[in-house]
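Working through the structure, step by step
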Amino acid sequence: MAEYHGLSHVFTTTETSLYNNLFKSSNPPFCSPTALILEISPNPFPQITKLSDHSTNTNFVPIIKNNYNLDNLEILDPELKTYRSKFNGHENNNNNCNVYVAGHVLVFPSYNGFFEKPGLYLDQMFVRKCYRGMKFGKLLFSAVAMQAEKMGLGMVDWLVADWNEETINFYEKMGAHYIPEYRLCKLYGDQLQGYGKKSD
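Residues numbered from 1 in each chain as written. Predicted model: local features only at pLDDT ≥ 70, side-chain atom pairs only at ≥ 80, totals over all residues. Heavy atoms only, no water.

Points about the overall build of the protein chain
Across its full length, the protein chain holds five helices and four strands. Each helix (α) and strand (β) of the protein chain, taken in turn from the N terminus, gives the series α-β-α-β-β-α-β-α-α. The proportion of buried residues among the 200 residues of the protein chain is 27%. Taking the contacts inside the protein chain whose residues are at least 6 apart along the sequence as the reference set, 64% of them involve residues at least 24 apart. (Helix = DSSP H or I, 4+ residues; strand = E, 2+ residues; numbered from the N terminus. Buried < 20%, exposed > 50% of the residue type's maximum accessible area, 1.4 Å probe, protein only. Contact = heavy atoms within 4.5 Å.)

Below is the structure:
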């Protein structure tokens, strides 16, 4: 995703940092950074019949769609082995070897003083190139919006690159309000560390 946005020069994430920040939290889903993983398989996924014993009203129930034609995955996706799912929590563990990661969305709690209710900030939504045009982006976006509504939140917000007309059009079709007047500002790296050295 960093390469897609031309941000490889600021990319410092490691597998360890992702694990520590996303998957080591004791907070329930959506009360801390939360990653939803888009998994695909040429085999039908089992329907979810019950939630985990640790479920709360903020738990995310996996969305199962068995109506995609993915019979020719080997032709469609030349990197199948690289993106094979390592998750062992599927009900049908025999199916695990045929489950692959096609994309993800990363969200975390947000608050804006202009709005009555807090919301979710959608930091990343990414579908791998070979799976674009199959409505997986719509599936990921809808999953976040439905979760925000389920939790009684007031908004979902995110940034979009001003050069990415295709993505802007996608979000507008999904009902988003595009606000071009605002610019993203970030303080990081040496500039941020410099504040720790100031005495006033």
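Side note on the nonpolar core
Counting residues in each nonpolar core, the largest one holds 27 residues, and the members touching the most others are I40, V105, L122 and Y131. Broken down by secondary-structure element, the contributors of at least two residues to this core are β1 (34-40), β2 (100-110), β3 (119-127) and α3 (136-150). (Core = buried A, V, L, I, M, F, W, Y, C linked by side-chain atoms within 4.5 Å.)

Notes on the pattern of salt bridges
This structure, assessed with the given rule, holds two salt bridges. The partner of E79 in a salt bridge is R128, and the shortest N-O contact between them spans 3.7 Å. Residue E79 is found in the loop between α2 (73-76) and β2, and its partner R128 is found in the loop between β3 and α3; the two are separated by 49 residues along the sequence. Relative accessible area serves as the criterion here: at 40%, E79 is assigned to the partly exposed category. (Salt bridge = Lys/Arg side-chain N within 4 Å of Asp/Glu carboxyl O.)

With respect to the side chain of S110
Note on placement: S110 falls in strand β2. Classification of S110 by relative accessible area gives buried; the value is 14%.

Things to note about the sheet that holds β3
Consider a sheet: its strands pair through backbone hydrogen bonds, and that pairing is either parallel or antiparallel. A sheet is described by the order of its strands in space; here four strands give the open sequence β1-β2-β3-β4, paired in mixed fashion. The open sheet has two free edges, formed respectively by β1 and β4 (155-158), since each of these has just one partner strand. For this sheet, the mean angle separating the axes of adjacent strands, direction not counted, is 30°. One ladder, built from seven bridges, connects β1 with β2; its direction is antiparallel. Note that in β2 the partner of E39 across the bridge is V101. Contacts from α3 reach β1, β2, β3 and β4, with the element oriented near 165° to β3. (Pairing = 2+ DSSP bridges. Axes fitted to C-alpha atoms, helices over the stretch in contact; angles between N-to-C directions.)

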